[in-house]
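Next come the chains, spelled out residue by residue.
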Amino acid sequence: MNVAVDCHMVASPNPGDAGNARYAVALTRALRSTGAPEDRVAALVTNAEATREIGPGVAPVLVPDSAPLRLTRDAGRALRSVRADAAVFSYVAPPRPVCPTLVAVHDPTFLTNPEWLGRRSRAILGTLGTRSARRARVVLALSDTAKTDICAALALDPARVHVVSPYAAPVFAPAGGAAERVLARWALDRYVVTVGDIGPRKNIAALAEAVGMLGDPSLELVVVGRAGVDADEILTSARARWLGPVTDAELSDLYRAAAVTAHPARYEGFGLTVLEALACASPVVAAATGALPEVVGDAGVLVAPDPGSIAEGLRAALEPATAARLREAGPERAARYSRRAMGEAAWSAVRAATA
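Treat the numbers as computed from the prediction; the structure is a model and nothing was measured.

J.: Can you explain the sheet that holds strand 9 (residues 220-224)? Please cite residues and give values.
T.: Strand order across the open sheet formed by six strands is 10-9-8-11-12-13, with parallel pairing between neighbours. A single partner strand is all that each edge strand has here, and the edge strands are strand 10 (241-244) and strand 13 (301-303). Here the average twist between neighbouring strands, direction ignored, is 25 degrees. In the sheet, strand 8 (residues 191-195) pairs with strand 9 via five bridges, with the strands oriented parallel. Bridge assignment links Val 195 to a residue of strand 9, and that residue is Val 224. Sheet contacts for helix 13 (residues 307-318): strand 8, strand 11 (260-263), strand 12 (284-287) and strand 13; angle to strand 13, the most-contacted strand, approximately 170 degrees.

What follows is the structure, given as structure tokens:
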């Protein structure tokens, strides 16, 4: 079986949805490591740096970094060149595919909450994303919660939707010396960190208000991620320190050294950054929205996404005994999501699409 994964967003120099790119990397690695000896995995990439990020064992196929050309012309050529039996795309697939397609839909908010997206994303996902999902042989959801919500939003038969959850990369694990490295790199001592592309859905302003409600001047709010919709306004109102994008090695240290990792998003179809924080033994406070309770379980503090509830959750997670319990529970919870589990679920979905 030859499978191609669209990884055009990986190592892109332009701002974009980092979650989609991280999922594509995890998926290619999981497919490669769990396939049968005769199975082959290829990645549609736009530059050599993406190939390095994905790693060995995956055939790179260069395509233009242009959505119309990539989807209407060059994706088909690329898929034919590797004799693909199936191809996986995020949200939007070619209108006339040359092989069965699987479309990963991370969440249905482009339909349920389009105001959280920019105008261009609303236009593309609302039309092409909807059509692609309905045409696909199989739709990939990242969690059971997302599957239910995607089926409702897109009126899909649940039998066509397969749950293929990601996992935290090996770099996200407990390790010593993180506090010293974070202090030396950013002069950060005691802080709450939140991670993700900055936009209305991430609810950063509510988190900033919650941190202020604690009345602790030594506790700083740190934001990591790419600038998205309304990022300037959000960061200004939040009075947070923005580090921008960081490497995975730096991010893992920021999780390890944080007093708390907070993720008060209004909705998540999975919440990979929360899983990474759990894997690094960071105390987690997350909103009880979307799939976050499914991912976090009892290894974090779940709260309503309003400032008062978030503040109570932060206060609880900062209490030494609770923090110690959460640091112990996090890696065990994160281990439930593995490369092998993702790969086996992905191959099952591929075989269903090609049956």
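That covers the picture; the talk isn't over yet.
J.: How would you explain the sheet that holds strand 2 (residues 40-45) if you had to name every residue and give the values?
T.: Reading across the sheet, the seven strands line up as 3-2-1-4-5-6-7 and stay open at both edges, with parallel pairing between neighbours. The sheet is open, and its two edges are formed by strand 3 (59-62) and strand 7 (161-163), each paired on a single side. Averaged over neighbouring strand pairs, the angle between their axes works out to 25 degrees when direction is ignored. One ladder, built from three bridges, connects strand 5 (residues 101-104) with strand 6 (residues 138-141); its direction is parallel. What sits directly across from Val 103, in strand 6, is Val 139.

J.: Go over the pattern of salt bridges with me, naming the residues and quoting the values.
T.: This structure, assessed with the given rule, holds 14 salt bridges. Arg 201 is paired through a salt bridge with Glu 268; the nearest N and O atoms lie 3.1 Å apart. Residue Arg 201 is located in the loop between strand 8 and helix 8 (204-213), and its partner Glu 268 is located in the loop between strand 11 and helix 11 (272-279); the two are separated by 67 residues in the primary sequence. Glu 268 gets classed as buried once you look at its relative accessible area, which sits at 7%. When the shortest N-O distance is used, the salt bridge between Lys 202 and Glu 268 registers 2.6 Å. Remark: Glu 268 occurs in the loop between strand 11 and helix 11 and Lys 202 occurs in the loop between strand 8 and helix 8; sequence separation between them is 66 residues.

J.: An account of helix 10 (residues 248-257) is needed here, citing residue identities and associated values.
T.: Summarising burial for helix 10: seven of the ten residues are buried, a large majority. Among the residues of helix 10, Leu 251, Ser 252, Asp 253, Leu 254, Tyr 255, Arg 256 and Ala 257 are the ones counted as buried.

J.: Can you explain unusual backbone geometry? Please cite residues and give values.
T.: In this structure, Ala 187 takes a positive phi of about 55 degrees despite not being glycine. Mapped onto the secondary structure, Ala 187 falls in the loop between helix 7 (178-186) and strand 8. Of note in the backbone geometry, Ala 281 takes a positive phi value of approximately 65 degrees without being a glycine. Considering the arrangement of structural elements, one finds Ala 281 in the loop between helix 11 and strand 12.

J.: With reference to specific residues and values, describe the pairing of strand 2.
T.: With respect to burial, strand 2 is a largely interior element, five of its six residues being buried. One ladder, built from five bridges, connects strand 1 (residues 2-6) with strand 2; its direction is parallel. Following the sheet pairing, Val 5 is matched in strand 2 by Ala 43. In this sheet, strand 3 lies alongside strand 2 in parallel orientation, the contact comprising four bridges. Each residue of the ladder has a partner; that of Val 45, found in strand 3, is Leu 62. The parallel pair strand 2 and strand 3, bridged by helix 2 (residues 48-54), forms a crossover whose chirality is right-handed.

J.: Quick rundown of the packing of aromatic side chains? Include the residues and the values.
T.: For any pair of aromatic rings, the description consists of the separation of the ring centres together with the inter-plane angle of the planes. All told, the structure shown has three aromatic pairs when counted by the stated rule. Between the aromatic rings of Phe 270 and Tyr 337, the centroid separation amounts to 5.3 Å while the plane-to-plane angle is 85 degrees, which identifies the pairing as edge-to-face. With Phe 270 in the loop between strand 11 and helix 11 and Tyr 337 in the loop between helix 14 (320-334) and helix 15 (339-354), this pair connects stretches of sequence that are 67 residues apart. This pair shows no difference in class: Phe 270 is buried, exactly as Tyr 337 is.

J.: Go over the environment of Ala 291, please, and point to the residues and values.
T.: In this structure, Ala 291 sits in the loop between strand 12 and helix 12 (292-296). Judged by its relative accessible area of 0%, Ala 291 is buried. Considering only alpha carbons, one finds Ala 291 and Glu 268, 23 residues apart in sequence, at a separation of 5.7 Å. Once residues within four sequence positions are removed from consideration, Ala 291 is found in contact with Ser 143, Thr 145, Glu 268, Gly 269 and Phe 270.

Definitions and limits used
- Here the residue numbering is sequential within each chain, running from 1 through the sequence in written order.
- The predicted origin of the model limits local features to residues at a pLDDT of at least 70 and limits the giving and counting of side-chain atom pairs to 80 or more, whereas totals for whole chains, interfaces and linings rest on all residues.
- Side-chain calculation: all heavy atoms of the structure are included, whereas hydrogens and water are not.
- The pairing criterion for strands is at least two bridges between them, as found by DSSP.
- Comment: elements are numbered from the N terminus, with helices defined as DSSP H or I runs of at least four residues and strands as E runs of at least two.
- Between N-to-C directions, angles span 0 to 180 degrees; the directions come from axes that are lines fitted to C-alpha atoms, helices contributing only their stretch in contact.
- A contact between two residues is defined here by any heavy atoms of the two lying within 4.5 Å.
- A side-chain nitrogen of Lys or Arg and a carboxyl oxygen of Asp or Glu constitute a salt bridge if their distance falls within 4 Å.
- Exposure categories follow from relative accessible area, calculated using a 1.4 Å probe and restricted to protein chains: below 20% of the type maximum is buried, above 50% is exposed, and the middle band is partly exposed.
- When the strands point away from the viewer, a crossover counts as right-handed if the route from the first strand across the helix to the second turns clockwise.
- What counts as a ring pair is set by centres within 6.5 Å for rings of Phe, Tyr and Trp (its six-membered ring), and what kind of pair is set by the plane angle: stacked under 30 degrees, edge-to-face over 60, tilted for all other angles.

Everything listed here is a matter of coordinates, which is why it stays silent on function.
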